[in-house]
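Each chain is listed here by its residues.
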Amino acid sequence: MTHIDAGTEVDPGHPLPAPVGTGGLTAAEVAERVARGQVNDIPVRSSRSTVEIVRANVFTRFNAIIGVLWLIMLVVAPIQDSLFGFVILANTGIGIVQEWRAKKTLDSLAVIGEARPTVRRDGAPAEVSTSEIVLDDLIEIGAGDKAVVDGVCVEANGLEIDESLLTGEADPVVKRPGDQILSGSFVVAGGGAFQATKVGREAYAAQLAEEASRFTLVHSELRSGISTILKYVTWMMIPAALGLVATQLFVKNKDLDDSIARTVGGIVPMVPEGLVLLTSVAFAIGVIRLGRKQCLVQELPAIEGLARVDTVCLDKTGTLTEGGMDVTELRPLDGSDASYVRTVLGALGESDPRPNASLQAIIDASPDAEGWRCTESLPFSSARKYSGATLSEGDGDSHTWLLGAPDVLLAPDDPALAETERLNEQGLRVLLLARAAHELDSPDAAAGARPTALVVLEQRLRPDAADTLRYFAEQNVSAKVISGDNAVSVGAVAAKLGLEGSTVDARLLPQDRDGMAEALDAGTVFGRVTPQQKRDMVGALQSHGHTVAMTGDGVNDVLALKDADIGVSMGSGSEATRAVAQIVLLNNSFATLPSVVAEGRRVIGNITRVATLFLVKTVYSVLLAVLVVCWQVEYPFLPRHLTLLSTLTIGVPAFFLALAPNKERAKPHFVRRVMRYSIPGGVVAAVATFLTYLIARHHYAGEGALDAETSAATLTLFLISMWVLAIIARPYTWWRIVLVASMGLGFVLVLAVPWLQEFFALKLVGQTMPWIAVGISVGAAAALEVIWKWVDRRFPAG
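Source: prediction; values computed, not measured.

## Structural notes on the overall build of the chain
Working step 1: Helix and strand content of the chain: 27 helices and 21 strands.
Working step 2: For the chain, the spread of C-alpha atoms along the principal axes amounts to about 120 × 60 × 40 Å.
Working step 3: For the chain, the share of sequence-separated contacts (at least 6 apart) that also reach a separation of at least 24 residues comes to 73%.

Set out below in structure tokens:
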């Protein structure tokens, strides 16, 4: 790294802060700033605080409604009519515990994946956590590093910084000593050091980063869909509940306590309180499961988003291939001396303080260039596809050398390109060493470069890449390999991994979005893609209705990762890519992706299933209340009856169904998909139950008639609810059959055991009415099958 000295030119527009010397702060100066509170103390949180978790789970609209009703029931009715309140307490406790477990998982993973900037203190570089940086710290940065605080550039060695995440401007900005460096920007080429001028909450971009990295349940179709449903439910509940209160308290001159109990019994089941809980629990358990596989979910909706993905864009280097490379061959051109070429390559390697994987492989295979000195260097950039250096040789001669992509450095008709093409077809990576005809700072530094040697590198394929690509193919997820490398070489690597499809040179892609999208739909492998093109390609795919995931680990992937629906970064990737990605694979294993996709599909598919169970109950509860008001009769159920039914037909089975495996790709229109089943299901259940109740009112008379009528209506509602559960549980597996059967046995147990009969006030009287209830239930079940199949045909979810 080039240190600042007396000859360094300083931009007068951006004066340097008080100098601290090239050795950075001393331990005493650091301690003094810590004591003054001049520390970068913004907590990088990946999850809500414990207080926020408790508040979010306890203080909800429906908990408030049910809490008030529960307190009323504790005063006016037996304890068994207050069971629903204890169920809500248990549900809330489960929600808090599961989200707290998810928080602990996320926080521990965030520490593992946290960036550790290099600061210079007491003359030596040291890695510290972001929160340990103090004002005036001298922070070293290189390609892929993100500026974590605001500062002023003190040292620069070909330093180019991308500020697009802050300004929207895609072109990298060359930084010189004295220039301002903003937190949130990242290095795309070169290296240097800057002095921290704003730390903690003073750095505006740091505040944005903190806000963006928080654990959140927003921006989710699932969550917004449930919120929409709950809004409609609230509006349905209010008039139905008011009518029920008026009917039970004033129209029917019954005992006040009994009237209140039956009123509450009508209101409580209208509230789909467990739906929100189960959604939170399913997401939280998903985070915990993925955390065990070293997968950090930085934004919770990413689990849902990846389940909806139909196109995944893969960066070759670091994703399909491992980071390291090996030099397999050196081919001198035009009679160049092989020994001299190796020395040049060694000197080029020494000129870059932060070599990338290709250059590191060259350094490992080249001798030390003793006596050679680098007088000027040009770091590698993904945009220009080459690096360079002016080298002073031991004998006093000085030459400028370039190392990069042959098809960028050479004329299209150069004979060396034919040999390069042949090597690329074998999946090998080829770099060209060329002697430049112009100075490095010239706009056309590569023009007229004289080829000197071809460096052949072999990339190490990830052993799990082929299986992962096969998984995506089986799941109907289209894979697109997007790389800055030569298209033929990338195509050969993809072919080795079993990925079929055409290979395209991105330089030939149409510039307009529609044309690019059509080319992307047709092709599979794309080479010579610039960072800006990666971003444009993601946008083009999205414009054609695709949900796009982008994987990558290099600084050239940042813009595309930011714009993709889901950004996935490798844990070993650059700090910038980890910062913008929603999912970080801390174990650097591409094979973890199927687990993330499967987890997302499990959550979305299962919540869609169980939401139908909850909302069928809401619909039949509201409709039953309306029918009771219209017929001016007692509400047929006490809270204990509906607590029992809800537990056996919704609560317990929904919990297991929500956590079951589910491989079906998540589909859009959540609200429509749920309501098109819930509304007809709830209507059938309500009409059948009320019909049984009316028949029972004519069948029974005398003391205890209302209890007998309630028991008959409860039997009908239970059998219909069980049939809804049986439909939702399809396709059947052994454990689903056991689950449904055990819920049925639970109800039989209540009817068979005397003290349970008394506890739940359930006793079937005679034989005629119970069999009528069964007959009505069978008819309702048949109607459900017919109606739901008709709904599937008439109102497809899309």
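## Brief notes about helix α3 (residues 61-76)
Working step 1: Compared with an ideal rise of 1.5 Å per residue, which puts 16 residues at 22 Å, α3 spans 23 Å between its outermost C-alpha atoms and is within 8% of the ideal.
Working step 2: Listed in full, the buried residues belonging to α3 are Phe62, Asn63, Ile66, Leu69, Trp70, Met73 and Val76. Down the axis of α3, the buried side of the element spans an arc of 160°, and every buried residue falls inside it. When the buried face of α3 is taken as reference, the exposed residues oriented beyond 90 degrees from it are Val68, Leu71 and Val75.

## Looking at empty space enclosed by the protein
Working step 1: Going through the model one piece at a time under the given rule, you end up with 2 cavities of 30 Å³ or more.
Working step 2: Taken together, Leu306, Val309, Val312, Phe472, Val477, Ala549, Thr551, Val568, Leu593 and Val597 form the lining of the largest cavity.
Working step 3: Counting only elements with at least two residues in the lining of the largest cavity, the list comes to β19 (548-552) and α21 (593-631).
Working step 4: For the second largest cavity, the calculated volume is near 50 Å³.
Working step 5: Around the second largest cavity, the lining residues are Leu613, Val616, Lys617, Tyr620, Thr649, Ile650, Ser721, Val724 and Leu725.
Working step 6: Only α21, α22 (639-658) and α24 (705-728) provide two or more residues apiece to the lining of the second largest cavity.
Working step 7: Of the residues forming the lining of the second largest cavity, the biggest block, 4 residues, is contributed by α21.
Working step 8: Class assignment for the residues of the lining of the second largest cavity results in 6 nonpolar, 2 polar and 1 charged.

## As for the nonpolar core
Working step 1: Counting residues in each nonpolar core, the largest one holds 128 residues, and the members touching the most others are Leu306, Ile583 and Phe590.
Working step 2: Per element, the largest residue contribution to this core is 18 residues, and it comes from α21.
Working step 3: The contact partners of Ile583, leaving out residues within four places of it in the chain, are Cys295, Leu296, Ala302, Leu306, Ile566, Gly567, Val568, Ser569 and Val596.

## Considerations on the sheet that holds strand β8 (residues 295-297)
Working step 1: Strand order in the open sheet formed by 8 strands is β8-β21-β20-β19-β9-β16-β18-β17, with mixed pairing between adjacent strands. Looking at the sheet topology across the chains shown, the edges are occupied by β8 and β17 (503-505). The average undirected angle you get between the axes of adjacent strands in this sheet is 20°.
Working step 2: Relative to strand β18 (residues 525-527), β17 runs parallel, the two being bridged by 3 bridges. In the sheet register, Val504 faces β18, and the bridge partner there is Phe526.

## Some remarks on the packing of α21 against α22
Working step 1: Interhelical geometry of α21 versus α22 gives an angle of 170° and a closest axis separation of 9 Å. Put simply, α21 runs roughly antiparallel to α22. Side by side, α21 and α22 meet where Arg602, Asn606, Val610, Leu613, Phe614 and Lys617 of the first sit next to Ser646, Thr649, Ile650, Ala654, Leu657 and Ala658 of the second.
Working step 2: The class makeup of the residues in the contact of α21 with α22 is 7 nonpolar, 3 polar and 2 charged.

## Overview of the pairing of strand β1 (residues 118-121)
Working step 1: Residues Thr118 and Arg120 point to one face of β1 and Val119 and Arg121 to the other, with burial holding for every one of them.
Working step 2: Pairing between β1 and strand β3 (residues 138-142): 3 bridges, direction antiparallel. Considered in β3, the bridge of Thr118 is made with Glu140.
Working step 3: In the sheet, β1 pairs with strand β2 (residues 124-127) via 4 bridges, with the strands oriented antiparallel. Residue Val119 lies in a different strand from β2, and its bridge partner there is Ala126.
Working step 4: From the end of β1 to the start of β2, which pair antiparallel, there are 2 residues, and Asp122 there has a positive phi angle of about 55°.

Rules and cut-offs
- Residues numbered from 1 in each chain as written.
- Predicted model: local features only at pLDDT ≥ 70, side-chain atom pairs only at ≥ 80, totals over all residues.
- Heavy atoms only, no water.
- Helix = DSSP H or I, 4+ residues; strand = E, 2+ residues; numbered from the N terminus.
- Contact = heavy atoms within 4.5 Å.
- Expected span 1.5 Å × (residues − 1).
- Buried < 20%, exposed > 50% of the residue type's maximum accessible area, 1.4 Å probe, protein only.
- Arc of directions from axis to C-beta.
- 1 Å grid on protein atoms, 1.4 Å probe; cavity = no way out; pocket = protein on both sides within 12 Å on 5 of 7 lines; lining within 4 Å.
- Points joined across faces, edges and corners; volume = space filled by probe spheres on them.
- Nonpolar A, V, L, I, M, F, W, Y, C, P; charged D, E, K, R; others polar.
- Core = buried A, V, L, I, M, F, W, Y, C linked by side-chain atoms within 4.5 Å.
- Pairing = 2+ DSSP bridges.
- Axes fitted to C-alpha atoms, helices over the stretch in contact; angles between N-to-C directions.
- Parallel < 35°, antiparallel > 145°, perpendicular 65-115°, else oblique.

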